[in-house]
Amino acid sequence: MKKLTATPSRRKFIEKLAISGAAVAGFPNIITAKTPSPHFLKREKKFSVNDNIQVAVIGAGGMGTADGKTAATIPGAKIVAACDLYNGRLDAAKERWGKDIFTTRDYREILARPDIDAVIIGTPDHWHRQISVDAMQAGKGVYCEKPMVHSIGEGTAVVKAQRETGSTFQVGSQGMSSLGNEKAKELFEAGAIGELNYAEGFWARNSPTGAWQYAIPKDASPKTVDWDRYISNTTKRDFDALRFFRWRNYRDYGTGVSGDLFVHLFSSLHFIISSKGPDKIMSTGGLRYWKDGREVPDVLLGMFDYPEAEEHPPFNLSLRVNFVDGTSGTTYLRLVGSEGAMDVTWDDVYLRKNLVSDPMDAFLEAKGSEMEKAFGERKKMLPPKESHYQAQKGYKGAHYDHFSNFFYGVRNKKMVAEDAVFGYRAAAPALLCNDSYFDGKIVRWDPVNMVLK
Ligand SMILES: NC(=O)c1ccc[n+]([C@@H]2O[C@H](COP(=O)([O-])OP(=O)(O)OC[C@H]3O[C@@H](n4cnc5c(N)ncnc54)[C@H](O)[C@@H]3O)[C@@H](O)[C@H]2O)c1
């Protein structure tokens, strides 16, 4: 078998591991060794009455409600207010969280309340920047849904607001708080797939709701919907229920399939390999099937060049979304290296090795040469070719963990992993995919300084 030699970036990577204390000796046995998982999760077992966190949901639609429901299961957290622009959502919030909760159509009334410690922002994307900045300036902890911002130029304001206010700010790509992502990070850092050279991710759907054709409530009208407020920061138009309830299809409010779905894959990938992001972004695609007046493609392919960084070698990433996928329902993130590959989800990791024996394995090295010297060739002890790591039954999941991390940050006035800088670096290549697609160009991005080149 060809013995792999360490390339410069692999050498650098190994040196870095040695320096950082992640034992290089752990390499050979990474598949079987019972090494403890790094403790990214800061889940608190105890909290006092003073640690109670009063939370408001701003944008109490599908995800805002899911976020509020998960938040309410974390010990000490309570939903006390909701803001939305559609009456039906406010009525539903009262039904869910109690008729005494404070409700409003104006998020500034939420921010003005001293009894609210933290807000969840579950509005469409075109409101994320402004509400995030205003909420941090009002001294609230902020959990903002992904993508952090609606267009590339908006990220700086959120990063600045977080730096200036010191607020705990978390973007809602919950996958990166998951056991699956944490395990993948541990395996990657221990060199389980060798030298990373390629990654890919895929999102496939094949249904009307999967393709964003949500039901329009029967009572939708300018009376039940605060349309003027909804469009107050974008193009002025007459009331249009489709633009309100199916906002993802329109560029004034949504960020297309890349802002909706690629961004999750970027967040997980960047977390696992500690990356700041790609420097070259290209995308293509088309509107193939869901021709319902939408302004964005339903099939999108993105290609990304990641430059060499201290944390990883240079590599290529390929992402796809297909909303007309006859096989349907598949999503994955795969990291491919010189010695193996990992398929990563939020709950599990499949690790496949291509090496019959590991040249970095000190045991093999020692035993092989000892015996071979005396008796000639000797067969080797092989590591498993495939390992499947799975979260234990009863695992509460990424969403619960992400909120645990967020509330830990709010209680202890600490930054969390998916802060504004991380959120911007994950959103940027997704947003730039749209720029590449619509302008028909390759986009150059400086992921370190977070500016267009
Ligand atoms: N993390 C995830 O897995 C995940 C999943 C789905 C959606 N999301 C994100 O959550 C956000 C919301 O998506 P959704 O599917 O819940 O949409 P939705 O349409 O179901 O809900 C959005 C709600 O925001 C309200 N709204 C609009 N503008 C507002 C404003 N200025 N102030 C207050 N309320 C306002 C709307 O009335 C609506 O009820 C998006 O950014 C989306 O990308 C994240």
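Quick note: structure is the one above.
Residues numbered from 1 in each chain as written. Predicted model: local features only at pLDDT ≥ 70, side-chain atom pairs only at ≥ 80, totals over all residues.

## Quick notes on the site of the ligand
- Around the ligand, 26 residues are found, and the nearest of them are Gly-59, Gly-61, Gly-62, Met-63 and Glu-145.
- Elements with a minimum of two residues in the shell around the ligand: helix 2 (62-71) and helix 8 (227-230).
- In terms of residues, the shell around the ligand owes the most to one element, helix 2, which gives 3 residues. (Near = placed C-beta within 6 Å. Helix = DSSP H or I, 4+ residues; strand = E, 2+ residues; numbered from the N terminus.)

## Focus: the sheet that holds strand 7 (residues 196-204)
- With mixed pairing, 10 strands are arranged side by side in an open sheet as 14-13-12-11-7-10-9-8-15-16. The open sheet terminates on both sides in strands that have one partner only, identified here as strand 14 (386-390) and strand 16 (451-452).
- Contacting strand 11 (331-337), strand 12 (340-344), strand 13 (348-353) and strand 14, helix 7 (residues 179-189) crosses the sheet at an angle of about 30 degrees to strand 13.
- Packed onto the sheet, helix 10 (residues 256-273) meets strand 7, strand 9 (299-306), strand 10 (315-322), strand 11 and strand 12 and runs at close to 145 degrees relative to strand 10. (Pairing = 2+ DSSP bridges. Contact = placed C-beta atoms within 7 Å. Axes fitted to C-alpha atoms, helices over the stretch in contact; angles between N-to-C directions.)

## With respect to the sheet that holds strand 6 (residues 169-171)
- The sheet built from 6 strands is open, its strands ordered 3-2-1-4-5-6 with parallel pairing. Since the sheet does not close on itself, it has two edges, and those belong to strand 3 (102-104) and strand 6, each with one partner. Sheet twist, expressed as the average angle between the axes of neighbouring strands with direction ignored, equals 20 degrees.

## Description of the environment of Val-142
- Relative to the assigned elements, Val-142 resides in strand 5 (residues 141-144).
- With 29 C-beta atoms packed within 10 Å, Val-142 lands in the buried category.
- As for Val-142 and Val-55, which are separated by 87 residues in sequence, their C-alpha atoms are 9.7 Å apart.
- Once residues lying within four places of it in the same chain are set aside, the contact partners of Val-142 are Val-119, Ile-121, Ser-132, Ala-135, Met-136, Ser-167 and Phe-169. (Buried ≥ 20, exposed ≤ 12 C-beta atoms within 10 Å, placed from the backbone.)

## Things to note about helix 5 (residues 128-137)
- Counting buried positions over the 10 residues of helix 5 gives 7, a clear majority of the element.
- Buried within helix 5 are the following residues: His-128, Arg-129, Ile-131, Ser-132, Val-133, Ala-135 and Met-136.
- At its buried positions, helix 5 is contacted by strand 1 (53-58), helix 4 (107-111), strand 4 (118-121), strand 5, helix 6 (155-165) and strand 6.
- A positive phi of about 85 degrees marks Gly-139, the residue just after helix 5.

## A few points about the packing of helix 7 against helix 10
- Packing of helix 7 against helix 10 brings their axes to within 8 Å, and their N-to-C directions diverge by 40 degrees. The angle between the axes of helix 7 and helix 10 places the two elements in the oblique class. Crossing hand, helix 7 versus helix 10: right-handed. Along the contact surface, helix 7 presents Asn-181, Ala-184, Lys-185 and Phe-188, while helix 10 presents Ser-268, Phe-271, Ile-272 and Ile-273.
- Partitioned by chemical class, the residues of the contact of helix 7 with helix 10 number 5 nonpolar, 2 polar and 1 charged. (Parallel < 35°, antiparallel > 145°, perpendicular 65-115°, else oblique. Left-handed = near helix turned anticlockwise from the far one by under 90°. Nonpolar A, V, L, I, M, F, W, Y, C, P; charged D, E, K, R; others polar.)

## Quick look at unusual backbone geometry
- Residue Pro-147 follows Lys-146 across a cis peptide bond; omega there is -10 degrees.
- The topology assignment puts Pro-147 in the loop between strand 5 and helix 6.
- Located in the positive-phi region is Trp-212, a residue other than glycine, with phi close to 75 degrees.
- Given 21 C-beta atoms within 10 Å, Trp-212 falls into the buried group.

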